[in-house]
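Working through the structure, step by step
This is what each chain is made of:
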Amino acid sequence: LEVLKSELTLDFYKESLRVHRVNVEEDDSRAAEILFCLGRVCLTNGLLRDAVKYFEEALALRRQLSKDSADVADTYHHLGMAHDQLKEREKALIFFKESVRINKSNGDKIALYIVSLDMASCAAACSQFSLAIDSYNDCLVATDGLEDSKCDADVLQRMGDIEMSQ
């Protein structure tokens, strides 16, 4: 049932993109959003190469429309996740770093926390322990001033695990 639901969701977004492109002369933010949604559905269902393709197309449009927006940062993050799952960790880190850069410049602490966690995990998986520690530090900076200290405890535990594995 879940597979059928996923296929229907993919078909819906593909048809939505087709209809949109028939009715609009050139791609716009709506086309970018549909492409991003297609990428997310593919990522969720393990269609990783397709996810990368859709995210790359969405990223090109989003960068053209708004260079360093939250949407651009989110697309970089998802591209990083897809490459990480493909075990293409060096590529993943490039995308995670761009997302972190944009989230820092935009002051988006929640997005910075989420991307930094993913980047730290990816960096540790390819033995870039210094980058992993720096990413966890970004997590701590992002949670500074927030009420929930559980996040800090989790990050500190992960940092300790890296320190012990070196």
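In case you missed it, the structure is sitting above this.
Here the structure is a predicted model, which is why all the values come from computation and not from measurement. (Residues numbered from 1 in each chain as written. Predicted model: local features only at pLDDT ≥ 70, side-chain atom pairs only at ≥ 80, totals over all residues. Heavy atoms only, no water.)

Another point: the overall build of the protein. Helix and strand content of the protein: eight helices and zero strands. Listing the helices and strands of the protein from first to last along the sequence gives α-α-α-α-α-α-α-α. In terms of overall dimensions, the protein has a C-alpha envelope of 55 × 35 × 30 Å along the principal axes. When burial is assessed residue by residue, the protein has 41% of its 166 residues classed as buried. Once local pairs closer than 6 in sequence are excluded, the contacts in the protein between residues at least 24 apart make up 50%. Averaging the positions of the 20 positive and the 30 negative side-chain charges in the protein gives two centres separated by 3 Å. (Helix = DSSP H or I, 4+ residues; strand = E, 2+ residues; numbered from the N terminus. Buried < 20%, exposed > 50% of the residue type's maximum accessible area, 1.4 Å probe, protein only. Contact = heavy atoms within 4.5 Å. Lys, Arg positive; Asp, Glu negative; His and termini not counted. Charge placed at Lys NZ, Arg CZ, Asp CG, Glu CD.)

Counting residues in hydrophobic clusters, the biggest one holds 48 residues, and the most contacted among them are L43, L93, F96, Y136 and V155. Counting residues per element, the ones that place at least two in this core are helix 1 (2–23), helix 2 (29–44), helix 3 (48–65), helix 4 (70–85), helix 5 (89–106), helix 6 (109–125), helix 7 (129–143) and helix 8 (150–165). Per-element tally for this core: the top contributor is helix 2, with nine residues. Leave out the neighbours within four places in its chain, and L93 touches M119, C122, A123, C126, Q128 and L131. (Core = buried A, V, L, I, M, F, W, Y, C linked by side-chain atoms within 4.5 Å.)

All right, on to the environment of K14 then. Among the secondary structure elements, K14 is positioned in helix 1. K14 gets classed as partly exposed once you look at its relative accessible area, which sits at 41%. For the pair K14 and L38, spaced 24 residues apart in sequence, the C-alpha to C-alpha distance is 7.4 Å. Each residue touching K14, except ones within four places of it in the same chain, is listed here: L38 and Y54.

On inspection of all chains with the given rule, the structure shows nine salt bridges. For the salt bridge of R21 with D27, the shortest nitrogen-to-oxygen distance reads 2.9 Å. Taking relative accessible area as the criterion, R21 reaches 33% and is therefore assigned partly exposed. With relative accessibility at 27%, the residue D27 sits in the partly exposed group. When salt bridges that share partners are traced, they join R21, D27 and E57 into one network. (Salt bridge = Lys/Arg side-chain N within 4 Å of Asp/Glu carboxyl O.)

Below, the discussion takes up helix 3. Over its 18 residues, helix 3 runs 25 Å from end to end, which matches the ideal 26 Å to within 8%, given 1.5 Å per residue. Every buried residue of helix 3 is accounted for by L48, A51, V52, Y54, F55, A58, L59, L61 and R62. (Expected span 1.5 Å × (residues − 1).)

What follows covers the side chain of R62. Its location among the elements puts R62 in helix 3. The class for R62 is buried, based on a relative accessible area of 5%. Each residue touching R62, except ones within four places of it in the same chain, is listed here: A32, E33, F36, K67, D71, V72 and T75.

A separate point is the side chain of S135. Secondary-structure assignment places S135 in helix 7. Those residues within four positions of S135 in sequence are excluded, and the remaining contacts are S116, M119 and A120.

It is worth spelling out helix 6 at this point. With 17 residues, helix 6 extends 24 Å from end C-alpha to end C-alpha; this agrees with the ideal 24 Å at 1.5 Å per step. Burial in helix 6 covers these residues: L112, Y113, V115, S116, L117, M119, A120, C122 and A123. Downstream of helix 6 by one or two residues, S127 has phi in the positive range, about 60°.

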